Amino acid sequence: QVLLVESGGGLVQPGGSLRLSCAASGTFFSISFMRWYRQTPGKQREVVAEIHSGGSTTYADSVKGRFTISRENAKNSVYLQMNSLKPEDTAVYFCNAQARLTTESTWDNYWGEGTQVTVSS
């Protein structure tokens, strides 16, 4: 199994910055994509950014130019640097990893429990 643990959430004023971290642990063969999602009450979980093990990245239009995703493959970790935060960025942020447990396993999705980000003055 793959255990994902997020950290770094909190309360920040508009225009401020936060850095989220997510570390994967457990017994697995490899991780392909790592993603950050966010969710607000009553809305569907939406992908914020993703990064492939090779380094390619994709961002939601709403965060382009403000958020940066990065990862350290050796540490099985992914990060989300969030700058110029807006009140509409307030949400629970979830870490997601696409991993396979063995060379013969299928790719499955694993989720962290989420970390709250609140942008408010």
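All residue numbers here refer to positions counted from 1 along the written sequence of the relevant chain. Totals for whole chains, interfaces and linings use every residue, but because this is a predicted model, local features are given only for residues with pLDDT of at least 70 and side-chain atom pairs only at 80 or more, for both listing and counting. By convention in this description, side-chain values take in all heavy atoms of the structure and omit both hydrogens and water.

Throughout this description, the term salt bridge denotes a Lys or Arg side-chain nitrogen within 4 Å of a carboxyl oxygen of Asp or Glu. A full pass over the atoms with the stated rule returns six salt bridges. Note that Asp89 is salt-bridged to Arg66, the shortest N-O span being 2.7 Å. Taken together, the positions of Asp89 in the loop between β8 (77-82) and β9 (91-100) and Arg66 in the loop between β6 (57-59) and β7 (67-72) put the pair 23 residues apart, joining distant regions of the chain. We call a residue buried when its accessible area falls under 20% of the maximum for its residue type, exposed when it is over 50%, and partly exposed in between, using a 1.4 Å probe and counting protein chains only. Note on Asp89: relative accessible area 1%, which makes it buried. Counting from the N terminus, the helices are DSSP H or I runs at least four residues long and the strands are E runs at least two residues long.

With respect to the element layout, Ser53 can be found in the loop between β5 (46-51) and β6. A residue is classified by how much of its surface remains accessible, and Ser53, at 31% relative accessible area, is partly exposed. Along the backbone, Ser53 and Met34 are 19 residues apart, and their C-alpha atoms lie at a distance of 7.8 Å. Should any heavy atoms of two residues lie within 4.5 Å, those residues are counted as being in contact. Beyond its immediate chain neighbours, meaning those up to four positions away, Ser53 contacts Ile31, Ser32, Arg71 and Asn73.

This next bit is on the state of the cysteines. Any cysteine sulfur atom paired with another within 2.5 Å is treated as part of a disulfide. What the rule picks out here adds up to one disulfide. In this model Cys22 forms its disulfide with Cys95; the gap between the sulfur atoms is 2.1 Å. Linking Cys22 and Cys95, the disulfide has an S-S dihedral of approximately -80° and is accordingly described as left-handed. Placement of the pair is Cys22 in strand β3 (residues 18-26) and Cys95 in strand β9, with a sequence separation of 73 residues. There is no split in this pair, since Cys22 and Cys95 are both buried.

In short, geometric facts, not functional conclusions.
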